[in-house]
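As a plain string of letters, each chain reads:
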Amino acid sequence: MVGYDPEARCVSTVEAAAAGSASGLVTRVLISPLDVIKIRFQLQIEQLSSRNPGAKYHGILQAVQRIFQEEGLAAFWKGHVPAQFLSVGYGAVQFMAFESLTKLVHNVTSYNARDSFVHFVCGGLAACTATVAVQPVDTLRTRFAAQGEPKIYRNLRHAVLTMYQTEGPRTFYRGLTPTIVAIFPYAGLQFSFYNILQQFSEWVIPAEGKKGGNVKNLVCGSCAGIISKTLTYPFDVFKKRLQVGGFERARAAFGQVRVYRGLLDCMRQIMREEGPGGFFKGLSPSLLKAAVSTGLVFFWYELFCSLLCALKNTDGTRRQEG
């Protein structure tokens, strides 16, 4: 169902956008706590270890307990409103662009639209398009998830006005360069490995055992998410560090803060002060989040597309009978 298939086509580009939006919305509600923990880990300068007395967070369970004790249950959904705008907008643009690009490949070139390499290229381009469209919302989401108590931003409107007045319009695109550099291979690998794993499952599982299609979509999506996230993770750390630039006062409660002049300076400082391990801070919650979120995104997308197909087929049958 993911990608253009001339032999089994029943979802339009607009319907793909609607299914992508719904998929992003449902998934975001479920994975928000993991996202908050991941961002806190990525932004912590100190080593993520209980042996480091200056480190606020040591591990996933310790971070959950500390955030809950200090900030309450609602802290795990900090920045949820901009995050929902991000997920809904990103899901719509990404899947709409992916369906359109794979259809274009089928109509204009000699490549098979179901080929894994085509899915890699189209998936990367679709994600870049979606990223540029929603980057300001992503920056807002990161700021909300990163701020401690007392809060710097009271609500979304206050955050937008404050950032615009004090830092200028370019602040909403902080971290865009590492995001674009990372998102193309990350999303491309997601779509490519999802396609490969789907084909592999069809080869392994006999025809009579293919009733659990939804579970298969979930498993294939989760595996694709883990592989792609591991290979591209350092750029996610760079993006988060750059997005909170100019936000040092709100970060004081979490430990040391740093000012980065750009992507290369960020890479140099992390390597010098934190070592190679600094590039993979927050990897464990990030992999958990990638497995859950990617699996759920593809699961819900396939499910919503199937429902739309079923509704269209039902309407078509009724019209024929009428």
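Residues numbered from 1 in each chain as written. Predicted model: local features only at pLDDT ≥ 70, side-chain atom pairs only at ≥ 80, totals over all residues. Heavy atoms only, no water.

Details of the pattern of salt bridges
For the record, the criterion: Salt bridge, as applied in this entry: a Lys or Arg side-chain nitrogen positioned within 4 Å of an Asp or Glu carboxyl oxygen. Helical segments are the DSSP runs of H or I of at least four residues, strand segments are the runs of E of at least two, and each set is numbered from the N terminus. Here the term buried applies to any residue with accessible area under 20% of the maximum for its type, exposed to any over 50%, and partly exposed to those in between, with areas from a 1.4 Å probe on protein chains only.
As enumerated under the stated definition, the model contains 17 salt bridges in all. A salt bridge links Lys239 to Asp236, with the shortest nitrogen-to-oxygen separation between them at 3.8 Å. You can see Lys239 and its partner Asp236 sitting in helix α7 (residues 213-243), 3 residues apart, about one turn around the helix. On the basis of relative accessible area, Asp236 is assigned to the buried category, the value being 9%. In this structure, Glu274 and Lys281 form a salt bridge, with 2.8 Å as the shortest nitrogen-oxygen distance. With a relative accessible area of 7%, Lys281 lands in the buried category. If you follow the salt bridges from partner to partner, you end up with Arg28, Asp35, Lys38, Asp138, Lys229, Asp236, Lys239, Lys240 and Lys289 in one network.

Topic: the UniProt feature "repeat: Solcar" (unreviewed entry) in the protein
Basically, it comes down to this: UniProt positions are given in the numbering used here, feature names are shortened, and annotations may be inferred rather than shown by experiment.
The feature "repeat: Solcar" (unreviewed entry), as annotated in UniProt, sits at residues 11-104, 114-200 and 212-307 in this numbering. Annotation note: span residues 11-104, helix share 72%, strand share 0%, distance between end C-alpha atoms 15 Å.

Observations regarding the packing of aromatic side chains
Spelled out, the test is: A pair of aromatic rings is counted whenever rings of Phe, Tyr or Trp (Trp by its six-membered ring) have centres within 6.5 Å, and the orientation is called stacked for planes under 30 degrees apart, edge-to-face for over 60 and tilted otherwise.
What the rule picks out here adds up to 13 aromatic pairs. Plain terms: the ring middles of Phe95 and Phe298 are 6.3 Å apart, the flat faces sit at 90 degrees to each other, and that makes the pair edge-to-face. Separated by 203 residues along the polypeptide, Phe95 in helix α3 (residues 80-108) and Phe298 in helix α10 (residues 283-321) bring together distant segments of the chain. Judged on exposure class, the residue Phe95 and its partner Phe298 are both buried. Consider the rings of Tyr194 and Phe298, whose centres lie 4.0 Å apart with planes at 5 degrees: the pair is stacked.

Regarding the environment of Leu287
Within the secondary structure, Leu287 is located in helix α10. By relative accessible area, which is 21% here, Leu287 ends up partly exposed. For Leu287 and Ile226, which are 61 residues apart along the polypeptide, the C-alpha to C-alpha distance reads 5.7 Å.

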